[in-house]
Amino acid sequence: MAETAQIDDTSEQQRGSPESQPAHLAVSLAKVLISRLTPGKGVILFFSLILFTIAFAANLFLEESLARLGWTLFLSGNPMHAPSGLALTLLIGTVATNRLRRAAPCRKPPSDEEMGLAVEILSTQPNASAGLVRLGDKKVLFSNCGKAFIMYAQQGRSWVALFDPVGCRKAWPDLVLKFMETARKAGCRAVFYQVSPEFLPLTVEAGLKPYKLGEQAIVDLTRFDLKGGAWLKLRRSINRAVRDGLEFSMLNAEDVPAVLDELLSVSRTWLAAQNAAEKGFSLGTFQSQYVAAGPVAIIRLEGRIVAFASILSTASGGDAFIDLMRHLPDTHRGMMDLLFVRIMEHMKAEGYKTLNLGMAPLAGLSTHSKAPFWNHVGERIFRNGERFYNFRGVQAFKSKFDPDWHPRYLAVSGSGMPVLSVFDITMLIGGGLKGLLRR
């Protein structure tokens, strides 16, 4: 205890001694400096915001710049070296990171009331392919006036709008901004898929960048005629099909339910032969209620259905669209020629002016020296991507019918390659990764 008391007394004397005063002064100054240098909550928030912005910008830079590098390496065809492999590894990591950041899911499919309003608007507009809204796999966003809508679906962090807005054109500008803002609030990007040249001014005003996707084949039925030397090869094909016993007929909507089981059998056989899953979004799918809602063109051989195509049309009778197409493989070389020609002749006789054969993806992309980098990528895929899609075959088949080719575009925000948007669209149409891997 004495030793303890002695130590306490000594320490007390040391704190009060002249030798200890500089130490006390240094400690006091340090406390003052720390209190002055420690930022307040506002300063901390400000610098945190700056750091977040830098990190976010770096993420986008990696995503867009490395994507461009990756495609450059793909186009060059050169062997992969270590730096190139590292860059592509970083790209994959960046994309994977973006995939893991979940966005808020968008609303459920349209209610019966919303679908009823959408179908009512369909009857007032000229685009037959807008009838794909009836599939029910897309959400619907209406304009404030209720006279137009955008149909869209979510994949990853993309809200993908299909086609131009449907309905009153005066409502389009505000509806586009409404769609973009609603997507932004949900933590997603707005993407417009297969839009027309007429829609492009709205994309510019909204700060979006367009990329050409391909060309849509539109047949002018008012001048369609198989007479003349230019149609000789096609005439021979369909005449041979008729001689070999193939028969065409157009079933009205009320007659379709009676053959739904047979149509389903053809559809399943076709999917199995293609080793493909049912697609969707921008393509019709075999749903009994959907198929039976409109006319269906069929080809029979010896009394059984071997091919069919469902038809969408407008109430005005101006435009028609060949939607879902299925056939039994290896039946007859001229079967699909016969089906398409007879559909054109039938729709022309019914007073329709145009027939939409759908899009030829990545067709018609300019690749001159001033063309966008995206065009060079798309053109290379068009020539070498047969493993994933019959790009050239689709264009060649539709070219048989002498269509007018109308460009179609993708519109997204940002200045780099729309890698993630295209990936999300591919997943959306293909039915997810499992569906893509089956092809």
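Student: Would you mind going over the packing of helix α8 (residues 232–243) against helix α11 (residues 335–349) in detail, with residue names and values included?
Tutor: The contact between α8 and α11 brings their axes to 9 Å, and the two run at 105°. Between α8 and α11, the crossing angle belongs to the class labelled roughly perpendicular. In contact with Leu234, Ser237, Ile238, Ala241 and Val242 of α8, α11 contributes Asp337, Leu338, Val341 and Arg342.

Student: So what's going on with the side chain of Ser143? Which residues, and what values?
Tutor: Along the chain, the position of Ser143 falls in the loop between β1 (139–142) and β2 (148–155). Side-chain polar atoms of Ser143 contact the backbone nitrogen of Lys147, separated by 3.3 Å. Not counting residues up to four positions away in its chain, the partners in contact with Ser143 are Ala148, Ala171, Leu175 and Lys178.

Student: Can you break down the environment of Ser129 residue by residue, with the values?
Tutor: Looking at the secondary structure, you find Ser129 in the loop between α5 (112–122) and β1. Assessed through its relative accessible area of 3%, Ser129 is described here as buried. Expressed as a C-alpha distance, the spacing of Ser129 and Gly284, which sit 155 residues apart in the sequence, is 10.0 Å. When neighbours within four sequence positions are excluded, Ser129 is seen to be in contact with Phe163, Leu312, Asp319, Phe321 and Asn356. There is a polar contact of 2.7 Å between the side chain of Ser129 and the side chain of Asn127.

Definitions and limits used
Residues numbered from 1 in each chain as written. Predicted model: local features only at pLDDT ≥ 70, side-chain atom pairs only at ≥ 80, totals over all residues. Heavy atoms only, no water. Axes fitted to C-alpha atoms, helices over the stretch in contact; angles between N-to-C directions. Helix = DSSP H or I, 4+ residues; strand = E, 2+ residues; numbered from the N terminus. Parallel < 35°, antiparallel > 145°, perpendicular 65-115°, else oblique. Contact = heavy atoms within 4.5 Å. Polar contact = N/O pair within 3.5 Å; in protein donor to acceptor, adjacent residues only side chain to side chain. Buried < 20%, exposed > 50% of the residue type's maximum accessible area, 1.4 Å probe, protein only.

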